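Overview (structure and organization)
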There are 2 protein chains.
Amino acid sequence: MTEVCKVYEEHLDKILEAQKKLPEEETILEISDFFDALGNPTRLKILFALIEDELCTCDLSNITGLSVSAISHQLRILKDRKIVAYRKDGKNVFYRLDDEHVREILKVALRHMEE
Amino acid sequence: MTEVCKVYEEHLDKILEAQKKLPEEETILEISDFFDALGNPTRLKILFALIEDELCTCDLSNITGLSVSAISHQLRILKDRKIVAYRKDGKNVFYRLDDEHVREILKVALRHMEE
DNA sequence: TCTACATTTGAGCAATTGTGCAAATGTATT
DNA sequence: AATACATTTGCACAATTGCTCAAATGTAGA
């Protein structure tokens, strides 16, 4: 990144203003991780399936038509990013949405697509 | 995907219920594309920079510290997915958020991280 | 302890992504 | 037409991703 264009001086105010209001790098990375987790068809299916009720790994495999292993890999990502939570019950592990924000965002996105 | 676990029969009701409520494959792919576009630090910086005001490619390069080329590549993705819109003015191209939903979702995400 | 089943994990691989570079394309001014 | 500047585009390449397969781990019951 070496280039700087000549409008720099002219737009200086807007640039400084926008720069000042930009969230911190760390926050940007966190939010980016969050959206990145939602930006995959398999993970989205998992999340939409969990909107109503908790489900186990195997249920999610049945619902999505993907291998148990594939689901488990994706669940780990969602778990690491605190998007889903889980509880163990015997041989099963039941997953659920971890946060109301997630439900809210999924709904806004669905609305966004339908309009 | 060959395995089917034995809880299938037992959980059948929940599975069918969840499957029925899952959005269509095409909708899932659209929403996934949408979140995928937000799930990248550079593109997020662009979007947060555009929350208040329109900016040109070069401004966005200055604000983010990335090359004009890198910004332009990312803007194309955001443009293709109808997340930003643009207007041309002489040699400059000014970009802006294309949709209130995007602003709304960015705000919910920011809140999500801060809590 | 042995067996069965649910889940997780690690390796490996094809496919996709994000960036810089260099060249091409717009656009205005002289 | 020639020049200058803003932007876009195609190529290349390292890095990352999502899946399968096979093996490992957890858990319950005989």
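A brief look at the structure comes next. (Residues numbered from 1 in each chain as written. Chains lettered and ligands numbered in written order. Predicted model: local features only at pLDDT ≥ 70, side-chain atom pairs only at ≥ 80, totals over all residues. Heavy atoms only, no water.)

**Here's the deal with unusual backbone geometry**
All names here are of chain A. Selection rule: Helical segments are the DSSP runs of H or I of at least four residues, strand segments are the runs of E of at least two, and each set is numbered from the N terminus. Under the scheme applied here, a residue whose accessible area is under 20% of the maximum for its type counts as buried, over 50% as exposed, and between as partly exposed, the area being computed with a 1.4 Å probe on protein chains only.
At Lys82, a residue that is not glycine, the phi angle is positive and equals roughly 60°. By the secondary structure assignment, Lys82 is in the loop between helix H6 (68–80) and strand E2 (84–89). Taking the relative accessible area as the measure of exposure, Lys82 reaches 58% and is therefore exposed.

**Topic: the interface of chain B and chain A**
Using the following cut-off: Residue contacts are counted whenever heavy atoms from the two residues lie within 4.5 Å of one another. Buried area counts how much accessible surface, traced with a 1.4 Å probe, disappears from two parts once they are put together, with both parts' losses summed. The term salt bridge refers to a side-chain nitrogen of Lys or Arg lying within 4 Å of a carboxyl oxygen of Asp or Glu.
Contacts between chain B and chain A engage 60 residues on the former and 60 residues on the latter. When chain B packs against chain A, the two sides together hide about 5,500 Å² of surface, and 71% of this comes from carbon and sulfur. Summed over the shared surface of chain B and chain A, the number is four salt bridges. Glu52(A) serves as the salt-bridge partner of Lys21(B), at 3.7 Å between the closest nitrogen and oxygen.

**Here's the deal with the protein's contact with DNA strand D**
Threshold: Here a residue is considered near a molecule or strand provided that any single heavy atom belonging to it is located within 4 Å of it. Think of a polar contact as two N or O atoms within 3.5 Å of one another; within protein, one of them needs to be a possible hydrogen donor and the other a possible acceptor, and neighboring residues in sequence only count if both atoms come from side chains. Under the scheme applied here, ten amino acids are nonpolar (Ala, Val, Leu, Ile, Met, Phe, Trp, Tyr, Cys and Pro), four are charged (Asp, Glu, Lys and Arg), and all others, including Gly, are polar.
Around DNA strand D, the structure places 25 residues, and the nearest of them are Lys6(A), Thr42(A), Ser69(A), Gln74(A) and Tyr95(B). Here a phosphate oxygen of DNA strand D and a side-chain polar atom of Gln74(A) are 2.6 Å apart. One nitrogen or oxygen atom from the side chain of Asn92(B) is found 2.9 Å from a sugar or linking oxygen belonging to DNA strand D. Breaking the surface near DNA strand D down by element, the ones donating at least two residues are helix H4 (41–49) and H6 of chain A together with helix H5 (57–64), helix H6 (68–80) and strand E3 (92–97) of chain B. Sorting elements by how many residues they give to the surface near DNA strand D places H6(B) first, with five residues. Residue composition of the surface near DNA strand D, grouped by class: eight nonpolar, 12 polar and five charged.

**Some remarks on the sheet that holds E3(B)**
Residues and elements named next belong to chain B. Heads up, the rule is: The criterion for strand pairing is that DSSP finds at least two bridges linking the strands in question.
If you trace the three strands from one edge of the open sheet to the other, you get E1-E3-E2, paired in antiparallel fashion. This sheet does not close on itself; its edge strands, each paired only once, are strand E1 (55–56) and strand E2 (84–89). Relative to E3, E1 is paired through two bridges, and the arrangement is antiparallel. Among the inter-strand pairings, Leu55 is bridged to a residue of E3, identified as Tyr95.

**A few points about the sheet that holds E2(A)**
All names here are of chain A. Taking strand neighbours across the sheet as the criterion, the three strands line up as E1-E3-E2 in an open arrangement whose pairing is antiparallel. This sheet does not close on itself; its edge strands, each paired only once, are strand E1 (55–56) and E2. Strand direction decides the pairing type here: E2 and strand E3 (residues 92–97), joined by six bridges, are antiparallel. Bridging from a neighbouring strand, Asp89 pairs with Asn92 of E3.

**A few points about the nonpolar core**
Formally: Buried Ala, Val, Leu, Ile, Met, Phe, Trp, Tyr and Cys residues that are joined via side-chain atoms within 4.5 Å together make up what is termed a nonpolar core.
Phe35(A) and Phe35(B) are the most contacted members of the largest nonpolar core, which has 62 residues in total. Look past the residues within four positions of Phe35(B) in its chain and what remains in contact with it is Phe35(A), Leu38(A), Gly39(A), Leu44(A), Ile105(A), Leu106(A) and Ala109(A).

**Describing the protein's contact with DNA strand C**
Near DNA strand C there are 26 residues, and of these Tyr95(A), Lys6(B), Ser67(B), Ser69(B) and Gln74(B) occur at the shortest range. Near-protein atoms of DNA strand C (within 4 Å) split between backbone and bases, with sugar and phosphate holding 73%. Asn92(A) places a side-chain nitrogen or oxygen 3.0 Å from a sugar or linking oxygen of DNA strand C. With respect to DNA strand C, the side chain of Tyr95(A) contributes an N or O atom lying 2.5 Å from a phosphate oxygen. Those elements giving two or more residues to the surface near DNA strand C turn out to be helix H5 (57–64), H6 and E3 of chain A together with helix H4 (41–49) and H6 of chain B. A per-element tally of the surface near DNA strand C places H6(A) first, with five residues.

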